[in-house]
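The chain contents come next:
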Amino acid sequence: MTAASEMLESWDREAVWHAFTQMAEYEPLLIERAHGCTLVDVDGREFLDGVSNLWCNIHGHGHPRLDQAIRDQLSKVAHVTSLGLSNPTTIRLAKRLTELVPAGLQHVFFASDGSSAIEIALKMAFQYWRQCPDPRPAKTKYLAFCEAYHGDTLGSVSVGGVARFHEMFRPLLFDVVRLPAPDGYRRPPDVSRDTACEYYLSLLETTLAERHGEIAALVIEPLIQAAAGMVTHPPGFLRGVRELTQRYGVLLIADEVATGFGRTGKLFACEHEQVVPDLLCLGKGLTGGYLPMSATVATGEIWRAFLGSYADGRTFYHGHTFTGNPLAAAVALATLDVFDDERTLCGLPDKINRLAEHLARLAAHPHVGDVRQCGLMAGVELVQDRRTKQPYPWCEKRGYRVCGHALAEGVWLRPLGNVVVIMPPLAVRLDELDRICIAVERGIAVATSS
């Protein structure tokens, strides 16, 4: 390590406050550059990016098409506010998105991150019920699931449900109607995998039948609750949720910040069960992992509830300085072009199947309680006892031990407690995917040996 690297590490420990990190125990890993699915640190060491730089990188790092899109836009204008102005690049992106999302979603409100997209959806749903043709001002609550994660601003934390992240802030949050996570692994004793969908939908219907008059919207991560530990929902659950929310007059907010843009094998997770939500929240992969940008896409019905004269006061009073930033919009458009030109989705089945093969092998380990996969999103849950599903104490950091061993083998991963997450860029090669999974396998052997 050079003197310059040592100085940077010192500054990193002292001046930078890292997200979700205990700074008293933090060990710096300084990434200076990257190419493809590989990260390169300040000392030239290379690491495979096994979690897409927190689930956002799609086509790899340093993709020439994406790099050039930013350069081209930079030669025009770097930022134009959306408060009273617009620009061609952002307009084209909005139109392009309305052509790609499930039919009926027609109007795009841009923001800078997934949490903001959720905040926007929550506020839109609240205001909609006051301004729709048949106003229902009593609809002031939201229905969400245990172990949900929708971001870290106060509204998104309120509808979230990961206790380790959110419990500290409970006094600041609004009340939410909460249902158990539709977990295929940690089910009630009398519920099988075959009956899980029916069971969880029956809980939902009972709640909606009793309380639909006060519920503005249901918020869901379609198919898989990522930050909960890659918790997968029973097949058909999402479709059932959509049918029940329509039956009882409750809006559906689909949080596809993590699942969108190919992660599940289709461009959007909602496509797997032919679901059209009322509000769709996007982020992370929207710009290929290059720049901060998110979007909340609404139906025409919701849009029309906000139309009127200035004096009517029906405007959606919400916005950010960098809403619709042209640089981010330019790289988002390029990301969508690369999806088409490189036939990214067509290349995913072989990678998804290869990942499934590795997971099947990992599932046989005596301290692997469950393996979960949805497309190229996967989680391997470590347990003390497979029979009882007893978890390791969180303070033992078993997941971190696995990732520490993987790092020594040149693979960068970040766990969720006892769950080892595998979520590489969609551009990952089969041989790179093999390296990631083998490093995980060896890491599990080391981390559970004592």
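Residues numbered from 1 in each chain as written. Predicted model: local features only at pLDDT ≥ 70, side-chain atom pairs only at ≥ 80, totals over all residues. Heavy atoms only, no water.

With that settled, consider the overall build of the protein. If you tally the helices and strands in the protein, you get 14 helices and 17 strands. What you see for the protein is a C-alpha radius of gyration of 22 Å, in line with the 22 Å of a compact globule of 450 residues. Dimensions of the protein, computed from the C-alpha atoms along their principal axes, are close to 65 × 60 × 45 Å. Considering the protein as a whole, with its 450 residues, one finds that 52% of them fall into the buried category. A separation threshold of at least 6 residues defines the contact pool for the protein, and within that pool the share at least 24 residues apart is 68%. As displayed, the protein has an accessible area near 20000 Å², and 55% of this comes from carbon and sulfur atoms. For the protein, the centre of its 44 positive side-chain charges and the centre of its 52 negative side-chain charges are spaced 2 Å apart. (Helix = DSSP H or I, 4+ residues; strand = E, 2+ residues; numbered from the N terminus. Rg over C-alpha atoms; globule rule 2.2 N^0.38 Å. Buried < 20%, exposed > 50% of the residue type's maximum accessible area, 1.4 Å probe, protein only. Contact = heavy atoms within 4.5 Å. Areas by Shrake-Rupley, 256 points an atom, 1.4 Å probe, with all protein chains shown as cover. Lys, Arg positive; Asp, Glu negative; His and termini not counted. Charge placed at Lys NZ, Arg CZ, Asp CG, Glu CD.)

At a minimum axis separation of 10 Å, helix 8 (residues 196–211) and helix 9 (residues 237–247) run at an interaxial angle of 15 degrees. When the interaxial angle is binned, helix 8 and helix 9 end up roughly parallel. The interaxial crossing formed by helix 8 with helix 9 has right-handed handedness. On the side of helix 8, the interface is formed by Cys-197, Tyr-200, Leu-201, Leu-204, Glu-205 and Leu-208, while helix 9 contributes Phe-237, Gly-240, Val-241, Leu-244, Thr-245 and Arg-247. (Axes fitted to C-alpha atoms, helices over the stretch in contact; angles between N-to-C directions. Parallel < 35°, antiparallel > 145°, perpendicular 65-115°, else oblique. Left-handed = near helix turned anticlockwise from the far one by under 90°.)

A cluster of nonpolar side chains, Leu-154, Met-168, Phe-169 and Leu-172, forms an exposed patch at the surface whose accessible area comes to about 450 Å². When you line up the elements, Met-168 lands in the loop between helix 7 (163–166) and strand 6 (177–179). Overall, Met-168 belongs to the exposed group, its relative accessible area being 68%. (Patch = residues over 30% accessible without salt bridge, like charges linked within 9 Å, V, L, I, M, F, W, Y side chains within 5 Å. Salt bridge = Lys/Arg side-chain N within 4 Å of Asp/Glu carboxyl O.)

Mapped onto the fold, Gly-319 is located in the loop between helix 10 (300–304) and helix 11 (326–341). On the basis of relative accessible area, Gly-319 is assigned to the partly exposed category, the value being 41%. In this structure the C-alpha to C-alpha distance between Gly-319 and Lys-76, which are 243 residues apart in sequence, comes to 23 Å.

Right, let's get into the sheet that holds strand 16 (residues 411–412). Backbone hydrogen bonds are what pair the strands of a sheet, in a parallel or an antiparallel way. Judged by pairing direction, the sheet is mixed, and its 4 strands sit side by side in the order 1-2-3-16 without closing on themselves. Strands with a single pairing partner mark the edges of an open sheet, and in this sheet they are strand 1 (31–35) and strand 16. Across 2 bridges, the pairing between strand 3 (residues 46–49) and strand 16 is parallel. Within strand 16, the residue paired with Asp-49 across the bridge is Trp-412. (Pairing = 2+ DSSP bridges.)

Moving on, we get to helix 8. In a regular helix each residue adds 1.5 Å, so 16 residues correspond to 22 Å; helix 8 covers 23 Å between its end C-alpha atoms and thus fits that length. When helix 8 is considered as a whole, its buried residues turn out to be Ala-196, Cys-197, Tyr-200, Leu-201, Leu-204, Thr-207 and Leu-208. Each buried residue of helix 8 sits inside an arc of 120 degrees when the element is viewed along its axis, so together they form one side. Turned more than 90 degrees away from the buried face of helix 8 sit Glu-198 and Glu-210, all of them exposed. (Expected span 1.5 Å × (residues − 1). Arc of directions from axis to C-beta.)

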